[in-house]
Amino acid sequence: MNIKTGRILSLVLRYLILAAIILFLLFPIYWMLATSFKTNMEAYKYPPTFYPDEPSFSAYMSLFTENNQFFVYYVNNFIVSGITALVCTLVAIITGYAIARFNIKWTILVASLLVFTQMFPIVSRMISLYGLMSDIGLINTRTGLVLAISAAQIPFCATLMSSFFRNVPKEIEEAAYVDGAGRNRILFSVITPLVKPGMLAVGIYAFLQTWDDYLHAATLIQSDNLRTLSIGISLRYLGELSYDWSLINAISVIGTIPMVLVFFFFQKYMIKGLVAGAVKG
């Protein structure tokens, strides 16, 4: 076997391994989509069918005609995720800029504490968080849920945002100072437009993390009309003895659509932002 043949075989082997990995990762998504078009009886069939014998839209029809509460959870998820993304982005801009530019003795300590907070699992602070929210009257409110989720995500968002500010040359700020601009104007009018990829990356990260949040919503929300998608599905559509798998998978498909759209439209900018923040200079 000559060198050229060996290279071709090596290339083919790499593509086969890559295809196997992609199929392994995408199979759960395919299974979710295929099951959503099965009847509930076929979903329980053994051995399972890898594609619907007779594709049915009954689960989707039921979702739109008989399960209107699902759309209440859906709207709540959009509201909480959108507001949380805005809050995290705004706070991350201010905090990240302070970490990147204010070289005082407490800067390293604050940055270390922000990273240190990410070491603890969310469930470890749920009891104290519930007590705190109860004392200030924010249990069972969207405001309390947004604040709780934002507090959990801001440390990472601020740390990520600070890396983008470090890549902005200080000479730009010095020129703005010479022209008479103040600190706030420099931050929001001069520096912030230069780190738009970072802002987008932080906003998308916060939105996606909030969209899939379960523990905060399960702990802080009690009213059914205020529940978000994850906790609403688990309490309303997952029974104790049997599941309507077709309906559950139809709900999962519709719940996944915003994630797919976000990655479809913003993937290029998000990757650009993350790479730009990871390379100094």
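Residues numbered from 1 in each chain as written. Predicted model: local features only at pLDDT ≥ 70, side-chain atom pairs only at ≥ 80, totals over all residues. Heavy atoms only, no water.

## Some words on the overall build of the protein chain
Now for step 1: Assigned secondary structure in the protein chain consists of 13 helices and zero strands.
Now for step 2: Computed over C-alpha atoms, the radius of gyration of the protein chain comes to 24 Å, more than 25% over the 19 Å expected from 2.2 N^0.38 for 281 residues, which places it beyond the range of a compact globule.
Now for step 3: Overall, the protein chain is about 75 × 75 × 30 Å in size when its C-alpha atoms are taken along their principal axes.
Now for step 4: Split by element, the accessible area of the protein chain, about 17000 Å² in all, is 70% carbon and sulfur.
Now for step 5: A distance of 15 Å separates the average location of the 19 positive side-chain charges in the protein chain from that of its 14 negative side-chain charges. (Helix = DSSP H or I, 4+ residues; strand = E, 2+ residues; numbered from the N terminus. Rg over C-alpha atoms; globule rule 2.2 N^0.38 Å. Areas by Shrake-Rupley, 256 points an atom, 1.4 Å probe, with all protein chains shown as cover. Lys, Arg positive; Asp, Glu negative; His and termini not counted. Charge placed at Lys NZ, Arg CZ, Asp CG, Glu CD.)

## Here's the deal with the nonpolar core
Now for step 1: Counting residues in hydrophobic clusters, the biggest one holds 43 residues, and the most contacted among them are F70, M161, F165, F207, L229, Y237 and I251.
Now for step 2: When residues of this core are traced back to their parent elements, those giving at least two are helix 3 (58-65), helix 4 (69-101), helix 7 (142-166), helix 9 (183-191), helix 10 (196-211), helix 12 (229-236) and helix 13 (245-278).
Now for step 3: Looking at which element gives the most residues to this core, the answer is helix 4, with nine residues.
Now for step 4: The contact partners of F207, leaving out residues within four places of it in the chain, are F78, S81, G82, A85, M259 and V262. (Core = buried A, V, L, I, M, F, W, Y, C linked by side-chain atoms within 4.5 Å. Buried < 20%, exposed > 50% of the residue type's maximum accessible area, 1.4 Å probe, protein only. Contact = heavy atoms within 4.5 Å.)

## A few points about the packing of helix 8 (residues 170-178) against helix 9
Now for step 1: Packing of helix 8 against helix 9 leaves a shortest axis separation of 10 Å and a crossing angle of 125 degrees. Judged on the interaxial angle alone, helix 9 and helix 8 are oblique. Every pair of crossing elements has a handedness; the one defined by helix 8 and helix 9 is right-handed. Residue-level inspection shows I172, E173, A176 and Y177 of helix 8 in contact with helix 9, the latter providing R183, I186, V190 and I191.
Now for step 2: Residue classes in the contact of helix 8 with helix 9 are distributed as six nonpolar, no polar and two charged. (Axes fitted to C-alpha atoms, helices over the stretch in contact; angles between N-to-C directions. Parallel < 35°, antiparallel > 145°, perpendicular 65-115°, else oblique. Left-handed = near helix turned anticlockwise from the far one by under 90°. Nonpolar A, V, L, I, M, F, W, Y, C, P; charged D, E, K, R; others polar.)

## Examining the packing of helix 4 against helix 9
Now for step 1: Interhelical geometry of helix 4 versus helix 9 gives an angle of 115 degrees and a closest axis separation of 12 Å. Note that helix 4 runs across helix 9; the crossing there is right-handed. Side by side, helix 4 and helix 9 meet where L90, I93, I94 and Y97 of the first sit next to R183, I186, L187, F188 and I191 of the second.
Now for step 2: When grouped by side-chain class, the residues that make up the contact of helix 4 with helix 9 number eight nonpolar, no polar and one charged.

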